[in-house]
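An overview of the molecular structure
This is what each chain is made of:
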Amino acid sequence: MFDAFPYDEWSEDVAEFWTFGGEGSTGTWILTVLGIAAMVISFWGFVQLENAKLRRQAERLRSSGALSRPGASPTV
Amino acid sequence: MISTLLPTWLAQAPPVEDVDAKVNLDSLILTEQFYFWTVVIMWLIHVGFMAYEAGAARRKNVMSTAMKNILTIAVVTPTFYYFGWYIYGCFEEGWPKDGHASPTVEGLEILGGFCQNTAPWAAQMGPNLQDHVSAVFFLAFLLFSWTTASIMSGALIERVRLSAFLILGALLGSVVWIMDAAWGWSGGGWLVTRFGFHDSIASLVVHGVAGAFTLGVLLNLGPRIGKYTTDGAARTFRGHNTHLTLMGLMLIFTGFYGFYAACLVIQSTVFPGWLNIYLSPTTLGAIAFVITIGFAGGFTGGWFASKGDPFWTLSGGLAGVISVSAGADVYHPSLAYLLAISGGMLAVYAGGVIEKKLRIDDAVGAVAVHGVCGFYGVFLVGIFAGGYPTGINNVESSFGGQLMGMLAFLPLAFLPGYFASWLLKKMNLLRVPAEVELEGLDLAEFGQDFYPEFERVPEVVIEPDGREVDAAPVLLDAYWQTNGRPTTRVGAGEERS
């Protein structure tokens, strides 16, 4: 298509490299599976990390008496 | 002279095939650039949502609110890449009947095979020198998906767990909304090809569906502690920065122009001009008319219905645009203006009913603005654009067809939101502990105050009778009255004391 430089030829070389073999190849499948695994693990991590922070802070607040019942001594 | 030179010029002219190839390439690159820049502009929607919600949050919850909007991008992007886009490509007929072969329409073979191009291992879903359009088209839809999750985000602030929101946001952004888009916002969607369902700029498929999903979540999440008195009257929590909220809304409005443009289809060597998502002819100018006058009408309606309240005036603008989006490719600007005024007023009224009568604590009015006005927009098309030929089968839009879409999408959106949040609630993963909610989420999540250079002043809450009082004793009393649980039931506090 272009005669100024060998675009088509270079394109084939580049495409072969950056797609790890192209559609449906083993490389593409492995990358897809790894990506999905990272996504699932990140969800698990978001839940676990936040849960630990919230439980720690809630426990600290309860034990500190900072949220004592107005006009009464703390019961929890 | 000319007769002498003409044969020479003709001999030097490039072959027609070469010219044809270059014109095709130019057309593809123009399309590629068009969608790329709509994506850039649409980022402003998310900047806007972040500022809008952070401003509406109390000082103690600013960063936890903003972080939801940032991490929406972190979870909706991969989930949409790995399965959301595949749902859009393959579920146009409901459950895919033909495997990976999308429905092929005579004369529009370009639609055939779209499904198999949407799987994450497809050639079109990675760098591909032969395809200039698929990636940017995917990205435009991805930005729509962020928007649906962000619509829900503001309603839940100040008590939802960040991780719970991310799970629900991924479900809404990468499954629920894109399923309804496949059914009712695509060339081959069954609601379009059979019933002429018409929602050209996504009143219902984005806004209404996100609002209905959010409603389902809010029913399980419950209100913020102290939002309601034990006899059921609503208090008002004052956001920490109304200017930031209004600026956020203005950024959302700016981004909406990118959103609207990205809802159209253009490729000059394939189509004769601009098309809407159903591949019916329209123009960029037509929808620009409607969006602009839609804002004008919405602001006007919101201003008068709320008696000049700043938050509801700007939210009215959003509601006005959403109300006319479904018919944005069809409406005359004057009609859009009138309908947008009614939409802005409807949002204010619906917001009051949801907060005060139904006692659902929607912190930013998302259900009223996006949910109610999204459904209203599709309803209006049935009345004002009945008979308009929609889509590749040229099925006339009708009130019945619009009703069919509403009846399909209400449960499709509400039920997943309700049951997913119910499940998270049962696992104690939906809501932050009551003690953390009272203290503020930022200290628990991030260990710091995000306005360290400013003096802390007492937080104020506005009682139902309009009095501004110190929030601390009110909230602490509410915490103890309800055993640390939120309540919307009249007298629930007394029952538990």
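Residues numbered from 1 in each chain as written. Chains lettered and ligands numbered in written order. Predicted model: local features only at pLDDT ≥ 70, side-chain atom pairs only at ≥ 80, totals over all residues. Heavy atoms only, no water.

As for the overall build of chain B
For chain B, the count of helices and strands is 17 helices and 5 strands. Computed over C-alpha atoms, the radius of gyration of chain B comes to 25 Å, within 12% of the 23 Å expected from 2.2 N^0.38 for 497 residues, which places it in the range of a compact globule. For chain B, the C-alpha atoms occupy an extent of roughly 100 × 50 × 45 Å along the three principal directions. Counting all 497 residues of chain B, 58% fall into the buried class. Looking at chain B alone, contacts between residues at least 24 apart form 77% of all its contacts between residues at least 6 apart. Taken as a whole, chain B presents about 19300 Å² of accessible surface, with 66% of it coming from carbon and sulfur. For chain B, the centre of its 25 positive side-chain charges and the centre of its 38 negative side-chain charges are spaced 13 Å apart. (Helix = DSSP H or I, 4+ residues; strand = E, 2+ residues; numbered from the N terminus. Rg over C-alpha atoms; globule rule 2.2 N^0.38 Å. Buried < 20%, exposed > 50% of the residue type's maximum accessible area, 1.4 Å probe, protein only. Contact = heavy atoms within 4.5 Å. Areas by Shrake-Rupley, 256 points an atom, 1.4 Å probe, with all protein chains shown as cover. Lys, Arg positive; Asp, Glu negative; His and termini not counted. Charge placed at Lys NZ, Arg CZ, Asp CG, Glu CD.)

Concerning the confidence of the model for chain B
Residue and element names in this part refer to chain B. Looking at chain B, pLDDT values average 90 and 93% of them are 70 or higher. Here residues 489-497 scores under 50 on pLDDT; set against residues more than four positions off or in separate chains, the count is 21 contacts. Here the prediction assigns the complex a pTM of 0.91, and the interface score ipTM is 0.87. (pLDDT = per-residue confidence, 0-100.)

Concerning the state of the cysteines
Residues and elements named next belong to chain B. Applying the stated rule across the entire model yields 1 disulfide over all chains. Each sulfur of the disulfide joining C90 and C115 lies 1.9 Å from the other. One disulfide, between C90 and C115, carries an S-S torsion of 95° and so falls in the right-handed class. In this pair, C90 sits in helix α3 (residues 62-90) while C115 sits in the loop between α3 and α4 (134-155), placing the two residues 25 residues apart along the sequence. On the basis of relative accessibility, which here comes to 1%, the residue C115 falls in the buried class. (Disulfide = S-S within 2.5 Å.)

With respect to the interface of chain B and chain A
Between chain B and chain A, the residue contacts involve 37 residues of the former and 34 residues of the latter. Of the roughly 3300 Å² buried at the junction of chain B and chain A (both faces included), carbon and sulfur atoms supply 72%. Sorting the residues of chain B by area buried against chain A places W121(B), L129(B) and W480(B) first, and these three jointly supply 24% of that buried surface. Where chain B packs against chain A, one counts 2 salt bridges. (Buried area = accessible area lost by both parts, 1.4 Å probe. Salt bridge = Lys/Arg side-chain N within 4 Å of Asp/Glu carboxyl O.)

Focus on the side chain of H207(B)
Note on placement: H207(B) falls in helix α7 (residues 203-221). Among residues more than four places away in sequence, those in contact with H207(B) are I151(B), A202(B), F256(B), I322(B), H370(B) and G371(B).

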